[in-house]
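Summary of structural features
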Amino acid sequence: MQKNDKENHLFKHTAAIHISNNLSLLERKLFNVLLLNAYTNLQTKEIHVIDFKELSSNVGWSNVKSYNEIKEALSVLNTTQIQWNILNKDKKNTWIATTVLSQVKFYEGYCEYAYSPMMRDHLSSPNIYAKLNLLVQNCFKSKYSLALWEFLTEELKDCNQTITDFINVEDFRKIIGAEEDYYSDYRKLNQKIISNSLNEINTKSDLKVNSMQQKEGRKVKSLAFNVKREKEKISQEIMFELPNDDNIEIINPEIIQLKNRLSGEFKLSNDVILNIINNREIDDINHSLNYVKSELNKGVKIRNIASYVVKAINEKWQLHGESSKVSISPELSLIIETRIESEDNPMMKEVLKFLHHKFGNETFKSWFYDFKFVGYDEDEKKISIGVKNKFIKNWVEKNYMKHLEEFFGDKKTIYEVIK
């Protein structure tokens, strides 16, 4: 295992992810937290110690009553055998059968634990590993979701998108811990586990995933997954449910500060905050909040502060000089004219000219300035335009589609989110 400078990231051996196991959700989380805690002394010390409160907090629990449940889960890690490297990706380490912990002890508010020499060797110097965010793991409510998320994160590695190799269904069941006879029926496996796990991963983590099937006759024999990492996405659980302490630093501290400003100073709801932060630039949001704050300081009466703030952010209001909105100004006009003239694609240049003429500086700067020409399919008469994020894509399609159709005539316009 390797560790980076962010304390909640764990580099976990691939073979320790490809395991045959019946570990519960809590047991799997504990496995990861204990491994991270032991890293720096994994090869030099046989015994490792962690404060119970820290252990409890790091698996997402803050209730003192969780003592017995965590103790029971640790007992399972000490007694339950797991089989490593189901998919044999680690060519140097072909197969291991072992318990996670060789011993565990509770005393005076501390947990003392140890790994076997074989486990220490493999965990401390992996030749294949996955980078796991242990704050994300605490969002999951299903052990199957957590196991599948670990597996998919390992497959993704440092890429933003990948398609996994096809995995035999029986091996897949071992990896996620669904080895009961009930799940030998693929329909039940898909209905009860795969679909629910993918939904939880897509909703709560930074991954977007869909599955593919390979059949022999009418029977599903193997699975593959199309995995994409969505950068900067923050789930409801990470933003609002985890303890507000130093551990939260794994998220950009500017985002945490902004979240606190939106909720505390401007009284926005969690759902609204999440939507804003996932679809707007931090600097743009803060500029708009500074504008609103300036208006309030001047004594401007605002009936509904939350609605006013959302409108300010959506329309990118900001201070210009002392207190005025950035409106039609020579500076902004020059910026927009430069943008249009610098456009290399002739078709896109005409589109930008049309939009600027029709909607003016402010709307153009807010919604069309970052349009990029992606491609034109002459046979299908389809034009693809790139936009910065999904929020802009949805907004343009909802509010400006008829105007763009007016310009393009019989050509179909497709909007794609590009980075």
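Residues numbered from 1 in each chain as written. Predicted model: local features only at pLDDT ≥ 70, side-chain atom pairs only at ≥ 80, totals over all residues. Heavy atoms only, no water.

Looking at an unreviewed UniProt entry, the chain carries the name Initiator Replication protein, with the source organism given as Candidatus Arcanibacter lacustris. Listed in UniProt under the heading Sequence similarities (unreviewed entry), the comment for the chain reads: "Belongs to the initiator RepB protein family." (UniProt positions renumbered as here; feature names shortened; annotations may be inferred.)

**Some details on unusual backbone geometry**
Notably, Glu 108 is not glycine yet its phi reads approximately 45°, a positive angle. You can call Glu 108 exposed: its relative accessible area is 74%. In this structure, Lys 316 is a non-glycine residue whose phi angle is positive, near 55°. Tracing the backbone through its elements, the reader meets Lys 316 in the loop between helix H14 (305-314) and strand E12 (319-320). (Buried < 20%, exposed > 50% of the residue type's maximum accessible area, 1.4 Å probe, protein only. Helix = DSSP H or I, 4+ residues; strand = E, 2+ residues; numbered from the N terminus.)

**With respect to the pattern of salt bridges**
Throughout the structure, instances matching the rule amount to 13 salt bridges. The shortest N-O distance in the salt bridge between Lys 388 and Asp 370 comes to 3.9 Å. Of the two residues, Lys 388 is situated in the loop between strand E15 (382-387) and helix H17 (390-399) and Asp 370 in the loop between helix H16 (346-368) and strand E14 (372-377); the sequence distance between them amounts to 18 residues. Residue class for Lys 388 comes out partly exposed when judged on its relative accessible area of 32%. You can call Asp 370 partly exposed: its relative accessible area is 33%. (Salt bridge = Lys/Arg side-chain N within 4 Å of Asp/Glu carboxyl O.)

**Describing helix H9 (residues 186-204)**
In this model H9 runs 25 Å from its N-terminal to its C-terminal C-alpha over 19 residues, within 8% of the 27 Å that 1.5 Å per residue would give. Where H9 bends most, at Ile 194, the angle is about 30°. Within H9, burial applies to Tyr 186, Leu 189, Ile 193, Ile 194, Ser 197, Leu 198, Glu 200, Ile 201, Asn 202 and Lys 204. Looking at where H9 begins, the residue whose side-chain oxygen comes 3.0 Å from the main-chain nitrogen of Arg 187 is Asp 185. (Expected span 1.5 Å × (residues − 1). Bend = angle between axes of the 7 residues up to and from the residue. Polar contact = N/O pair within 3.5 Å; in protein donor to acceptor, adjacent residues only side chain to side chain.)

**Structural notes on the packing of helix H2 (residues 25-38) against helix H4 (residues 67-79)**
Where H2 contacts H4, the axes come no closer than 9 Å and their chain directions differ by 80°. Taken as axis vectors, H2 and H4 run roughly perpendicular relative to one another. For the pair H2 and H4, the contacting residues are Leu 26, Glu 27, Leu 30, Phe 31 and Leu 34 in the first and Glu 69, Ile 70, Ala 73, Leu 74, Val 76 and Leu 77 in the second. Tallied by class, residues from the contact of H2 with H4 come to nine nonpolar, no polar and two charged. (Axes fitted to C-alpha atoms, helices over the stretch in contact; angles between N-to-C directions. Parallel < 35°, antiparallel > 145°, perpendicular 65-115°, else oblique. Contact = heavy atoms within 4.5 Å. Nonpolar A, V, L, I, M, F, W, Y, C, P; charged D, E, K, R; others polar.)

**Focus: the environment of Leu 34**
Its place among the elements puts Leu 34 in helix H2. The exposure class assigned to Leu 34 is buried, which follows from its relative accessible area of 0%. For Leu 34 and Tyr 113, which are 79 residues apart along the polypeptide, the C-alpha to C-alpha distance reads 8.6 Å. Contacts of Leu 34, omitting those with residues within four sequence positions, involve Ile 50, Leu 55, Leu 74, Leu 77, Leu 101, Tyr 113 and Tyr 115.

**Examining the environment of Tyr 115**
Relative to the helices and strands, Tyr 115 is located in the loop between strand E6 (110-114) and helix H5 (117-124). On the basis of relative accessible area, Tyr 115 is assigned to the buried category, the value being 2%. The sequence separation of Tyr 115 and Thr 99 amounts to 16 residues, and the corresponding C-alpha distance is 8.6 Å. Not counting residues within four places of it along the chain, the set of residues in contact with Tyr 115 comprises Leu 34, Leu 35, Ala 38, Leu 42, Glu 46, His 48, Val 100, Leu 101, Ser 102, Arg 120 and Leu 123. A polar contact of 3.3 Å, which involves the side chain of Tyr 115, links it to the backbone nitrogen of Leu 35.

**Overview of the side chain of Glu 343**
Position of Glu 343 among the secondary structure elements: in the loop between helix H15 (330-341) and H16. Among the polar contacts listed, one links the side chain of Glu 343 to the side chain of Arg 339, at a separation of 3.1 Å. Among the polar contacts listed, one links the side chain of Glu 343 to the backbone nitrogen of Asn 345, at a separation of 3.1 Å.

**Concerning the packing of aromatic side chains**
One pass over the structure, following the stated rule, counts 12 aromatic pairs. When the centroid spacing of 6.5 Å and the interplanar angle of 70° are considered together, the rings of Tyr 144 and Tyr 183 count as edge-to-face. Taken as a pair, Tyr 144 in helix H7 (residues 143-156) and Tyr 183 in the loop between helix H8 (169-176) and H9 lie far apart in primary sequence, 39 residues in all. Just as Tyr 144 is buried, Tyr 183 falls in that class too. Among the aromatic residues, ring-to-ring pairing joins Phe 364, Phe 368, Phe 371 and Tyr 400 into one connected group. Above the face of the Tyr 107 ring, Lys 105 is positioned so that its terminal group lies 5.3 Å from the ring centre. One cation-aromatic arrangement involves Lys 365 over Tyr 369; the distance from NZ or CZ to the ring centre is 4.7 Å. (Phe/Tyr/Trp six-rings, centres within 6.5 Å; stacked < 30°, edge-to-face > 60°. Lys NZ or Arg CZ within 6 Å of the ring centre and 35° of its normal.)

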